[in-house]
Amino acid sequence: MDLLLQLMMNGLVNGSHYALLGIGFGLIFATTKLVHFAYGPIYAATAYVCWYSFMQLGLPFWAAFGLCVIAAIVLGLLSYLIVYRPLQSRSDSGLVTLIASLGLYTVIENLLGVIFGTGVKSVQGIDSDVFFLGPVFVTSFQLMQIAALILVGGALALFLRFTRYGQAIMAMTDNAEMAQIVGIDTRFVALLVFAIGSAIAAVPAVLILLKDSAGTHMGFSAVFLAFLSVVVGGIGSLRGAVAGGFLIGFVESAGLWQISTDWQSSIAFIILFLMLMLRPDGLFGVKR
Amino acid sequence: MLTILKKTALAGLALATGLASGSAALAQDPESYKIGAILAMSGAANEYGRVMSQGINLAIEEINAKGGIDGIPLEAVIEDHKSGVAKEGVAALNRLINLENTQVVLTSFSGPTLAIAPIADEKKVLLLNGGGVSAALVGASKYLFHNRSLASDLGLAALRHAHGLGLKKMSQLVWKNDAGESIEEVANKYWGAMGGTIAATEYVEIGASNIDTQIAKIRASNPDFVALWLFSPEPGLALKRLREFRFTKPIIGIEFTPDTQKAAGDASDGFQYTSDYFTATEEYPWSKAFSDAYEAKYGEKPDFYAANYYENVYVAAEAIRRAKAQGGAYYRGDKLADAIKADPQFDSVYGGKMTYQENGVAKKKVALFSVKDGQAKFFRYVSAD
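Residues numbered from 1 in each chain as written. Chains lettered and ligands numbered in written order. Predicted model: local features only at pLDDT ≥ 70, side-chain atom pairs only at ≥ 80, totals over all residues. Heavy atoms only, no water.

Moving on, we get to the overall build of chain B. A tally of regular secondary structure across chain B gives 12 helices and 15 strands. Dimensions of chain B, computed from C-alpha atoms along their principal axes, come out at roughly 100 × 40 × 35 Å. For chain B, with 385 residues in total, the buried portion stands at 55%. Pairs at least 24 apart in sequence give 68% of the contacts found in chain B among residues at least 6 apart. Summing over all exposed atoms, chain B offers an accessible surface of approximately 15,500 Å²; the carbon and sulfur share of this is 53%. Between the mean site of the 41 positive side-chain charges and the mean site of the 44 negative ones, chain B shows a separation of 2 Å. (Helix = DSSP H or I, 4+ residues; strand = E, 2+ residues; numbered from the N terminus. Buried < 20%, exposed > 50% of the residue type's maximum accessible area, 1.4 Å probe, protein only. Contact = heavy atoms within 4.5 Å. Areas by Shrake-Rupley, 256 points an atom, 1.4 Å probe, with all protein chains shown as cover. Lys, Arg positive; Asp, Glu negative; His and termini not counted. Charge placed at Lys NZ, Arg CZ, Asp CG, Glu CD.)

Set out below in structure tokens:
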């Protein structure tokens, strides 16, 4: 039973991480209908910028974090302006932008290796504390992952609900054409979601850098799990992305209580297949 | 008229003979000896490809600077198996054979090496492995030789060390690929025979970013020690997590690299591991010269992967020299393999000589290290026999 409790705690932590990735990726996906796979290497790039600013340039950590958020926003906006928008204006085919996003993924990932080298990057000098809650242990970095979801997710929910731009995003998510007809500048909204979604990626990236370390390929699992969280939770739903992230996190951890970890990489796919068969619109998706 | 015809025929015959002998000479002595290599130049494990290719390029530069092999230079042709993708390895070998006429290929990673072994047999290509560690590689091709201790040898040496420490109950973290599973197989077979028990076996994907579930299960199994059948950088993550969660008992593994250290940080202290051992010493001038040249060229010290591939180029060059001395159409993979089998002793950059055994694996010492303050300290040699 102690093990199950520990695995539940791990599920809560991992679920928070996946959910945060999911809401950043999902915000872009739901609003622009772009499957932005380059979200993965942008997530990795932000970790690298933070590492470089803190470990190599010797900046205070808060400044390094600020720089990496700015880097994420710049990379996100450039992706949209240079790659996606020109392609979207020329072709309605989602396949073209999907292929472009895969190409962009490769370019950014390789650039990271060229600029920073391919070795592991880790942060020294910031250690985590370990807390024991009875038989369950959790580190301060893991608690930060949970807190980050509450803060970022909460702030995003408030922004979407109570601000003009937030409502414009919601309108575009619901129906982009209608939003344009009623006077919403959908191009600006697309830029806005790329900026916000990319900035969100910086938060889990930095926490993983602190908790584990960074590598050029860390973006693959990040964008993969973000994508799964969105599809399982329901495209276009913030709470769906959160629910999807937690479902995957818990199943990946607690689901392996009595099963070999040999199955770990398959279990997320099993959830995806079940969801696609039983509930194709996801947990909170809207039937269209 | 008949005389003219006879003269013309004779001239034609002479020309044809000349051309034939010329092409035979061409077949015997190529313009350059192309040393093929199939490495992880991209993908999650591209760090291996980087250091291995650096070792290869340095060796080729050195040999060419000394006039190549009887004036014929060596040339590296490096292909990419994308971090262990078997089909990429097969495509790479086919390119090396069909486009480059390569007779020697330096191979790496168990999966691609196993996949190309039958093609090497069919096309008679010499394969020199300095990185793949799966036990399944032994005998995979009659032209395959290894200067890397296989994972099962390293694992067995690690188990012998654990047994020597009086440890009984083991939990193991296994890399989910052929190399990891080959050690698991040996561990399952021999640890029980040594009087030990296995409390838990958990699996880690290559490039895994989150192993909290595995760590929780390992910790819950309450072992006397944890065996890490993992390769870089995964041991770093495992060490960090295990120590973070107050697992204070011994952790024993089979590899420790700078990347492992970076990922583990202070948690690497006390980690013990068995490994091929490359260190430059004054006692062995070649090891020192290699280490100095490598550091001067690349700005970092060579690890044993760089050393193995550097050494493999010299093995290939020596095999070519020996085969050439036999005469005939010597530049063929089977002839080069025969040259190695006929005299299996070669100079080793590690110091002294290494000897290829009947199974194609070079007999090398396996070293036991202990990590202190982030530095690996040589402890002693351990037998894998």
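The subject of this paragraph is the interface of chain A and chain B. Chain A puts 34 residues into the contact, and the matching count from chain B is 28 residues. Summed over both partners, the interface of chain A with chain B comes to about 2,700 Å²; 47% of that surface belongs to carbon and sulfur atoms. Seen at the junction of chain A and chain B, the total is three salt bridges. The closest approach of N and O atoms between Asp262 of chain A and Lys176 of chain B, which form a salt bridge, is 3.6 Å. (Buried area = accessible area lost by both parts, 1.4 Å probe. Salt bridge = Lys/Arg side-chain N within 4 Å of Asp/Glu carboxyl O.)

The next subject is the packing of helix H5 (residues 140–162) of chain A against helix H6 (residues 164–174) of chain A. When two helices pack together, their arrangement is given by the angle between the helix axes and the distance between those axes. Residues and elements named next belong to chain A. Running from amino to carboxyl end, H5 crosses H6 at an angle of 85°, the nearest separation of the two axes being 5 Å. When the interaxial angle is binned, H5 and H6 end up roughly perpendicular. Residues Phe159, Leu160, Arg161 and Phe162 of H5 touch H6, and the partners they reach there are Arg164, Tyr165, Gly166, Gln167, Ile169 and Met170. Here the residues of the contact of H5 with H6 are counted per class, giving six nonpolar, two polar and two charged. (Axes fitted to C-alpha atoms, helices over the stretch in contact; angles between N-to-C directions. Parallel < 35°, antiparallel > 145°, perpendicular 65-115°, else oblique. Nonpolar A, V, L, I, M, F, W, Y, C, P; charged D, E, K, R; others polar.)

All names here are of chain B. Here seven strands make up an open sheet; going across it, the order is E7-E6-E8-E9-E10-E14-E15 and the pairing mixed. Only two strands of the sheet have a single neighbouring strand rather than two, namely strand E7 (197–204) and strand E15 (375–382). Within the sheet, the average angular offset between the axes of one strand and its neighbour, ignoring direction, is 25°. Of the pairings in the sheet, the one linking strand E10 (residues 272–275) to strand E14 (residues 366–372) comprises four bridges and is antiparallel in character. Its bridge partner lying in E14, Tyr273 is registered against Phe369. Where helix H8 (residues 234–244) meets the sheet, its contacts fall on strand E6 (169–175), E7, strand E8 (225–229) and strand E9 (251–253), and the angle it forms with E8 comes to roughly 160°. (Pairing = 2+ DSSP bridges.)

Strand pairing in a sheet relies on backbone hydrogen bonds. The paired strands run either parallel or antiparallel. All names here are of chain B. Ordered in space as E11-E12-E13, the three strands form an open sheet in which the pairing is antiparallel. Two strands bound the open sheet, and with one partner strand each, they are strand E11 (345–347) and strand E13 (362–363). Across three bridges, E11 lies against strand E12 (residues 353–356) in antiparallel orientation. Residue pairing in the sheet places Phe346 in a bridge with Met354 of E12. Strand contacts of helix H11 (residues 304–326): E11 and E12, with the helix running at about 125° to E11, the strand carrying the most contacts.

On to the side chain of Ser79 of chain A. All names here are of chain A. Mapped onto the elements of the fold, Ser79 is located in helix H3 (residues 61–90). Judged by its relative accessible area of 4%, Ser79 falls in the buried class. A polar atom in the side chain of Ser79 sits 2.7 Å from the backbone oxygen of Leu75. Dropping the residues within four chain positions of it, Ser79 is found in contact with His36, Ile42, Tyr84 and Leu104. (Polar contact = N/O pair within 3.5 Å; in protein donor to acceptor, adjacent residues only side chain to side chain.)

Moving on, we get to the environment of Arg380 of chain B. All names here are of chain B. In this fold, Arg380 is placed in strand E15. The partly exposed category is assigned to Arg380, whose relative accessible area is 38%. Spatially, the C-alpha atom of Arg380 lies 29 Å from that of Asn177, the residues being 203 residues apart in sequence. Apart from residues lying up to four places away in sequence, Arg380 is in contact with His161, Val366, Ala367 and Leu368.

Residues and elements named next belong to chain B. With domains assigned, chain B is organised as domain 1 (33–149 + 281–351) and domain 2 (152–275 + 367–382). The gap between the C-alpha centroids of domain 1 and domain 2 is 29 Å. Listed as interface residues are 12 residues of domain 1 and, on the opposing side, 10 residues of domain 2. With both chains or domains summed, domain 1 and domain 2 bury close to 980 Å², and 59% of this area falls on carbon and sulfur atoms. Contact with domain 2 buries area across many residues of domain 1, yet Tyr48, Val133 and Ser149 alone supply 37% of it, more than any other trio. On the surface where domain 1 and domain 2 come into contact, there are zero salt bridges. At the surface where domain 1 touches domain 2, the tally comes to three residue pairs in polar contact (both at pLDDT 80 or more). Looking at the side of domain 1 that touches domain 2, the elements that each hand over two or more residues are helix H2 (46–65), helix H4 (110–123) and H11. Partitioned by chemical class, the residues of the side of domain 1 that touches domain 2 number seven nonpolar, three polar and two charged. (Domains from an automatic or database assignment.)

Residues and elements named next belong to chain B. The omega torsion of the bond from Ser232 to Pro233 falls at 0°, within 30 degrees of zero and hence cis. Residue placement: Pro233 occurs in the loop between E8 and H8. A positive phi is found at Lys124, a non-glycine position, where the angle reads about 60°. With respect to the secondary-structure elements, Lys124 resides in the loop between H4 and strand E4 (126–129). Residue classification places Lys124 among the partly exposed residues on the basis of a relative accessible area of 35%.

Glancing now at the nonpolar core. Counting residues in hydrophobic clusters, the biggest one holds 106 residues, and the most contacted among them are Leu228, Trp229 and Phe231 of chain B. Composition of this core by domain shows at least three residues from each of domain 1 (33–149 + 281–351) and domain 2 (152–275 + 367–382) of chain B. Counting 72 residues, the second largest nonpolar core, distinct from the first, contains Leu27, Phe116, Leu192 and Val223 of chain A. (Core = buried A, V, L, I, M, F, W, Y, C linked by side-chain atoms within 4.5 Å.)

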